[in-house]
Structures are given as structure tokens and as C-alpha cells.
Amino acid sequence: MTIASARRVENAVTRHLIDAGDHYIGPVKAGQTIRIVDVDGNEAADTLFFNAHDPAERYSCMDTLREQGQVYLTTGSELRSNLNNVMLTIPADTVGRHDTLGGACASESNTVRYDLEKRHMHSCRDNWMLAIANHPEYGIDKRDIAHNINFFMNVPVTADGELYFDDGISGSGKYVEMVAAMDVVVLISNCPQLNNPCSGFNPTPLEVLVWD
Ligand SMILES: [Zn+2]
């Protein structure tokens, strides 16, 4: 369900633009609010969350979906960890539906799904690896990279139980907002994918804002 936020952009304590195809890593403290904005529309924000004090505790698609009994994320969703603790909640969302089943693009999946020649195209997994290699201060290791959320991405689940990557339902300026229930580190790949419609075949920037 779509609910707009009353928060004002000018009151944000940090604002960061993630260029098309680029990545972001940063802390969100318990009680703070993080908003991810789909600046030009039809983007995919491949997102992971970690317990800032123990990266072995991280966002879990399975625990989140089991507890909410719903396959999409939107307002009211509690994003849970692999220890079944609530990491963040979603009080505001102007899109209405986000995927957490489709996974992230990688060199391997691009090769299998599209063409051997796609092997060297930049991917979300490359973005995550680059971010954790450049920021060892968060203590996140390759083994901590697990299942993710695809904010803004449209991956419909059919009545037959199939899922597929479809054209986006997000739009310019739409956003999702989360309140942290614990100190977390957020890791976002602004999806550079050019082989399916998850970025509208035209990757564009995302913005991350944080409020106290
Ligand atoms: Zn991707």
C-alpha cells in the first residue's frame, strides 16, 4: 500500500546521490530513517542490510516473507534478519510493491541468461564486492553477501507460481522509507543491468537520505 512520508528533504542529516551503475555503503543508526529515491524512475536498488555490530546477522528474505505471509515488500513490512530479529520497518512507500525474490545480477547469471559475451559487463555483485573491499571498516566479508531486496524492481509472481522480470512500476521521484530498529549498515548496488528491463535498459541515479 502506498503511503507518502511527512519528512522534509531539507531536514535530512545526510544526502547521497548514487550515480547510474554505482554503489553505496553506509551506516544507519537505530531510530534513524533512511529513504531511497528512484530519481529518474524505473531503476532497481539491489540492497543488503547488516547488523552494524555483527555482519553475520543480515537481512533474510526467507524470515521476512515467512513472518509477513506476503511475497512483496511495502508499507507495514518488517525487514527481518537471519536470526529473525526486526532490522527495519517500512512506514512510507510511494511505489507500493518491491521484490525480494529475484536476486541480484552477477557475471555468472548474465552469462547463463543472456550470452557468453556478457561475462565482463558490470553487475550488482561486482558493485557489492567493490564496496566491501573499499570499506573494510564495516567488517563485511564475501561470505556475508546473501539474498537481497530489489527496491523499485518489478518481479511479478503469477498465479502459477512463476516469476519474471517485468517493466517497472516505479517512476521518477518515487521512494521507499525505512526506520532502523537496530544499528545497521546498508549496502546498495544501483543496478547497471542492460540485458533486461529492471533498469529500463537505461540505468539512472538513486538518492539516499537519512534523518535523525
Ligand atoms: Zn543488477
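Read on for a plain summary of the structure. In this text, all values refer to a predicted model and were calculated from it rather than measured experimentally.

1. Describing unusual backbone geometry
Glycine aside, the phi torsion of most residues is negative, and most peptide linkages are trans. In this structure, Asn 42 is a non-glycine residue whose phi angle is positive, near 60°. As for its placement among the helices and strands, Asn 42 is situated in the loop between β3 (33-38) and β4 (45-51). Phi is positive for Phe 152, close to 75°, though the residue is something other than glycine. Mapped onto the elements, Phe 152 comes out in the loop between β8 (149-151) and β9 (174-180).

2. Side note on helix α1 (residues 61-68)
When we look at burial in α1, the residues that qualify are Cys 61, Asp 63, Thr 64 and Leu 65. The secondary structure elements touched by the buried residues of α1 are β6 (78-80). Positive backbone phi, at 60°, marks Gly 69, one or two positions downstream of α1.

3. Concerning the side chain of Thr 47
The topology assignment puts Thr 47 in strand β4. Of note is the side chain of Thr 47, whose polar atom sits 3.0 Å from the backbone oxygen of Ala 45. Leaving out residues up to four positions away in the same chain, Thr 47 has contacts with Ile 36, Trp 128, Asn 148, Ile 149, Phe 151, Val 186, Leu 187 and Ile 188.

4. Observations concerning the coordination of the zinc ion
Ligation of the zinc ion by protein atoms is provided by Cys 105 (SG), Cys 124 (SG) and Cys 191 (SG), these donors lying 2.2 to 2.3 Å from the ion. One chain supplies every donor to the zinc ion, and in sequence these donors are spaced C-x18-C-x66-C. With a gap of 67 residues between them, Cys 124 in helix α3 (residues 124-134) and Cys 191 in the loop between β10 (184-190) and β11 (206-211) connect regions that are remote in the sequence. With respect to burial, Cys 124 and Cys 191 carry one shared label: buried.

Rules behind the numbers
Residues numbered from 1 in each chain as written. Predicted model: local features only at pLDDT ≥ 70, side-chain atom pairs only at ≥ 80, totals over all residues. Heavy atoms only, no water. Helix = DSSP H or I, 4+ residues; strand = E, 2+ residues; numbered from the N terminus. Buried < 20%, exposed > 50% of the residue type's maximum accessible area, 1.4 Å probe, protein only. Contact = heavy atoms within 4.5 Å. Polar contact = N/O pair within 3.5 Å; in protein donor to acceptor, adjacent residues only side chain to side chain. Donors = N, O, S within 2.8 Å, 3.2 Å for Na, K, Ca; no water.

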